[in-house]
Amino acid sequence: MSDNKPIRIKTISYFHKLRGLTGPKHPLISVINFEDMTEPAQFGKQSLLFDFYMISVKRDMDHKYRYGQNDYDFDEGVMFCMAPHQVLSVIREEQGRNPSGWMLMIHPDFLWNTALSTSIKRYEFFEYSVNEALFLSEDEEQKMQQIIENIKQEYQNNIDQFSQNIIISQLETLFNYSERFYQRQFLTRKKASHQFLEKLENFLSDYFEGKNIIEHGLPSVRLLSEKLNMSPQYMRGLLKSLTGQTTQQIIHEKLIEKAKERLSTTELTISEIAYELGFEHPQSFNKLFKAKTNISPLEFRNSFN
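Quick caveat: nothing in here was measured; it's all calculated off a predicted structure.

**Some remarks on the environment of Asp36**
1) Next: Note that Asp36 resides in the loop between strand S2 (29–33) and strand S3 (44–50).
2) Next: Its relative accessible area of 45% is what places Asp36 among the partly exposed residues.
3) Next: Along the sequence, Asp36 and Gly20 sit 16 residues apart, while their C-alpha atoms lie 8.5 Å from each other.

**Points about the pairing of strand S4 (residues 53–59)**
1) Next: Buried residues dominate S4, accounting for 6 of its 7 residues.
2) Next: Across 7 bridges, the pairing between S4 and strand S9 (residues 100–106) is antiparallel. Residue pairing across strands places Ile55 opposite Leu104, the latter belonging to S9.
3) Next: Pairing analysis gives 5 bridges linking S4 to strand S7 (residues 78–82), with the strands arranged antiparallel. Along S7, the bridge assignment pairs Ser56 with Phe80.

**What about the pattern of salt bridges?**
1) Next: What the rule picks out here adds up to 8 salt bridges.
2) Next: Across the salt bridge formed by Glu124 and Arg236, the nearest N and O atoms sit 2.6 Å from each other. Highlighted residues: Glu124 in the loop between helix H2 (116–119) and strand S10 (134–135) and Arg236 in helix H8 (residues 232–243), separated in sequence by 112 residues.
3) Next: The salt bridge partner of Arg184 is Glu140, with a shortest N-O separation of 2.7 Å. Taken together, the positions of Arg184 in helix H4 (residues 163–188) and Glu140 in helix H3 (residues 138–157) put the pair 44 residues apart, joining distant regions of the chain.
4) Next: Each member of the salt-bridge network shares a partner with another, and the members are Glu201, Lys254 and Glu257.

**A short note on the packing of H4 against H8**
1) Next: Look at H4 against H8: their axes get within 9 Å of each other, and the N-to-C directions meet at 65 degrees. As judged from the angle between their axes, H4 and H8 are roughly perpendicular. Between H4 and H8 the crossing geometry is right-handed. Here Tyr182, Gln183, Gln185, Phe186 and Leu187 of H4 come into contact with H8, specifically with Tyr234, Gly237, Leu238, Ser241 and Leu242.
2) Next: Taken together, the residues of the contact of H4 with H8 sort by class into 6 nonpolar, 4 polar and no charged.

**Quick word on H3**
1) Next: In this model, H3 (20 residues) spans 28 Å end to end at C-alpha, consistent with the 28 Å of a helix rising 1.5 Å per residue.
2) Next: Among the residues of H3, Glu140, Glu141, Met144, Ile147, Ile148, Ile151, Lys152, Glu154 and Tyr155 are the ones counted as buried. Buried residues along H3 cover an arc of 165 degrees about the axis, so they all sit on one side. For H3, the exposed residues lying more than 90 degrees away from the buried face are Glu138, Asp139 and Asn157.
3) Next: Structurally, H3 contributes buried residues whose contacts are with S2, S4, S7, S9, S10 and H4.

**Observations regarding the nonpolar core**
1) Next: Counting residues in each nonpolar core, the largest one holds 63 residues, and the members touching the most others are Leu104, Phe126, Leu171 and Phe175.
2) Next: The element that contributes the greatest number of residues to this core is H4, accounting for 8 residues.
3) Next: Apart from the residues within four sequence positions on either side, Phe126 is in contact with Tyr53, Met54, Ile55, Cys81, Met82, Ala83, Gln86, Ile120 and Phe175.

**Considering the layout of surface pockets**
1) Next: Empty space within the largest pocket amounts to approximately 410 Å³.
2) Next: What lines the largest pocket is a set of 16 residues, among which Ala192, Phe196, Met230, Tyr234 and Leu238 lie closest to the centre.
3) Next: The set of elements that each furnish at least two residues to the lining of the largest pocket consists of H4, helix H5 (190–209) and H8.
4) Next: In terms of residue count, H5 provides more of the lining of the largest pocket than any other element does, 5 residues in total.
5) Next: For the lining of the largest pocket, the residue count by class is 7 nonpolar, 5 polar and 4 charged.

**With respect to the pairing of S9**
A regular strand places its side chains on the two faces of the sheet in alternate fashion.
1) Next: In terms of residue burial, S9 counts as a mostly covered element, since 7 of its 7 residues are buried.
2) Next: Here S9 shows two buried faces, one formed by Ser100, Trp102, Leu104 and Ile106 and the other by Gly101, Met103 and Met105.
3) Next: Both S2 and S9 contribute to a ladder of 5 bridges, which runs antiparallel. Paired with Val31 across the strands is Leu104, a residue of S9.

**Regarding the sheet that holds S2**
1) Next: Strand order in this open sheet of 5 strands is S2-S9-S4-S7-S10, and the pairing throughout is antiparallel. Only two strands of the sheet have a single partner each, and these edge strands are S2 and S10.
2) Next: Seen against the sheet, H3 touches S2, S4, S7, S9 and S10 and runs at an angle of roughly 125 degrees to S2.

Cut-offs applied
Residues numbered from 1 in each chain as written. Predicted model: local features only at pLDDT ≥ 70, side-chain atom pairs only at ≥ 80, totals over all residues. Heavy atoms only, no water. Helix = DSSP H or I, 4+ residues; strand = E, 2+ residues; numbered from the N terminus. Buried < 20%, exposed > 50% of the residue type's maximum accessible area, 1.4 Å probe, protein only. Pairing = 2+ DSSP bridges. Salt bridge = Lys/Arg side-chain N within 4 Å of Asp/Glu carboxyl O. Axes fitted to C-alpha atoms, helices over the stretch in contact; angles between N-to-C directions. Parallel < 35°, antiparallel > 145°, perpendicular 65-115°, else oblique. Left-handed = near helix turned anticlockwise from the far one by under 90°. Contact = heavy atoms within 4.5 Å. Nonpolar A, V, L, I, M, F, W, Y, C, P; charged D, E, K, R; others polar. Expected span 1.5 Å × (residues − 1). Arc of directions from axis to C-beta. Core = buried A, V, L, I, M, F, W, Y, C linked by side-chain atoms within 4.5 Å. 1 Å grid on protein atoms, 1.4 Å probe; cavity = no way out; pocket = protein on both sides within 12 Å on 5 of 7 lines; lining within 4 Å. Points joined across faces, edges and corners; volume = space filled by probe spheres on them.

Taken by themselves, the reported measurements are silent on function.
Right, dumping it as structure tokens:
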């Protein structure tokens, strides 16, 4: 299967058929166990584009996943999520076992006319990359499994006028626990977090010292995420957890640090410093500097005289 031609999975029923499963009990929401698949991913590479939300917890996988340009192997219990219209590639090299775990699929139409149809967009983990999967503890995995069983039981056995609201409530609980567990992961993976902050600091320092800032202006959030090999959403959540600041605030903080250095150690004019820091108009530099420090660049410079 060509990378440029992913299989588009428009309905949950089609995914069931693709993996050799019986039809779903509900057309808009389904929980499947990976052990039940009779048609696992084909050998080689298969790219899938989903038209619905997907959350999965997998372990003991004998194949790789690709998201973007990177491959990932997981043999622990991990959870990752995808929003509609994202592409996931599965690379299966040889005959092997199915992974264990489950997958929850939610079509956007199931959320129609509920508050979750809008609020689901605030759960940024749906935009995280596969390499930013959530590594679950045994207790956390059991908690998720319990909620999944509640959802499955509700749509399989009790379809009535209350079913949608009950399932929506369970989904909100699942999403809120996911947020909590991601925050725990941000804090507990200290070595990775320290390395991330060090890489971020080094990249910004090099960027502001070189010609990039003159030629391209301030580094964008997208550029930082690409250089640090993480999604903008995951980077924002990680920075917020570790520093209390957004990515944009970190960029501006580094900019002000460099501006203060030039104002206090060089005889460059304010306009020249503004240009060196990627500003086309000195007024924009003055406005940002004053907003961040409560004084103008000139007032800051004069304080050293």
